[in-house]
Amino acid sequence: LRATGPIRVILAVTGGDGPVRVRLGRGGGGIWQTTGRPPLEATLRDDPPRTTYYRLDVDGAYPYRLLSNPIVLRRPGGAA
């Protein structure tokens, strides 16, 4: 993804058998998390200063877990 200025990250979790923990990380650190029963929705605003990446981690009752590949956000002229 390419962007200048602030971005919106929109998350939605549906399905499952019970409560889940949802975490969003940026550049290897956590920036947001919540716990609850699906359906869960959130819209987050973020404005990273340089090129970075996001990962989504949804953890439910074993064996349910979703961990996304890195989602790269490129800033103009911004090295990672």
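You'll find the structure just up there.
Described below are features of the structure shown in this document. (Residues numbered from 1 in each chain as written. Predicted model: local features only at pLDDT ≥ 70, side-chain atom pairs only at ≥ 80, totals over all residues. Heavy atoms only, no water.)

So, the nonpolar core
Nonpolar side chains in soluble globular proteins tend to be buried together. Counting 14 residues, the largest nonpolar core has Ile-7, Val-9, Val-13, Val-20, Val-22 and Val-58 as the members making the most contacts within it. Of all elements in the fold, only strand S1 (7-13), strand S2 (20-26), strand S4 (40-46) and strand S5 (52-59) reach the threshold of two or more residues within this core. With 4 residues, S1 is the single largest residue contributor to this core. (Core = buried A, V, L, I, M, F, W, Y, C linked by side-chain atoms within 4.5 Å. Buried < 20%, exposed > 50% of the residue type's maximum accessible area, 1.4 Å probe, protein only. Helix = DSSP H or I, 4+ residues; strand = E, 2+ residues; numbered from the N terminus.)

A short note on the pairing of strand S3 (residues 29-36)
A regular strand places its side chains so that they alternate between the two faces of the sheet. Where S2 meets S3, 7 bridges bridge the pair, whose relative direction is antiparallel. Within S3, the residue paired with Leu-24 across the bridge is Trp-32. Connecting S2 to the next strand, S3, in antiparallel fashion are 2 residues, including Gly-27 with a positive phi near 60 degrees. (Pairing = 2+ DSSP bridges.)

Quick word on the layout of surface pockets
Roughly 230 Å³ of internal volume is contained in the largest pocket. Contributing elements (two or more residues each) for the lining of the largest pocket: S1, S5 and strand S6 (65-67). Broken down by element, the residue count for the lining of the largest pocket peaks at 3 residues, all from S5. Considered class by class, the residues forming the lining of the largest pocket number 9 nonpolar, 5 polar and 3 charged. (1 Å grid on protein atoms, 1.4 Å probe; cavity = no way out; pocket = protein on both sides within 12 Å on 5 of 7 lines; lining within 4 Å. Points joined across faces, edges and corners; volume = space filled by probe spheres on them. Nonpolar A, V, L, I, M, F, W, Y, C, P; charged D, E, K, R; others polar.)

Quick look at unusual backbone geometry
Put simply, Pro-38 and Pro-39 share a cis peptide bond, and its omega is 10 degrees. Looking at the element boundaries, Pro-39 is found in the loop between S3 and S4. Residue Tyr-62 is joined to Pro-63 through a cis peptide bond whose omega torsion reads 10 degrees. Of note, Pro-63 is situated in the loop between S5 and S6.

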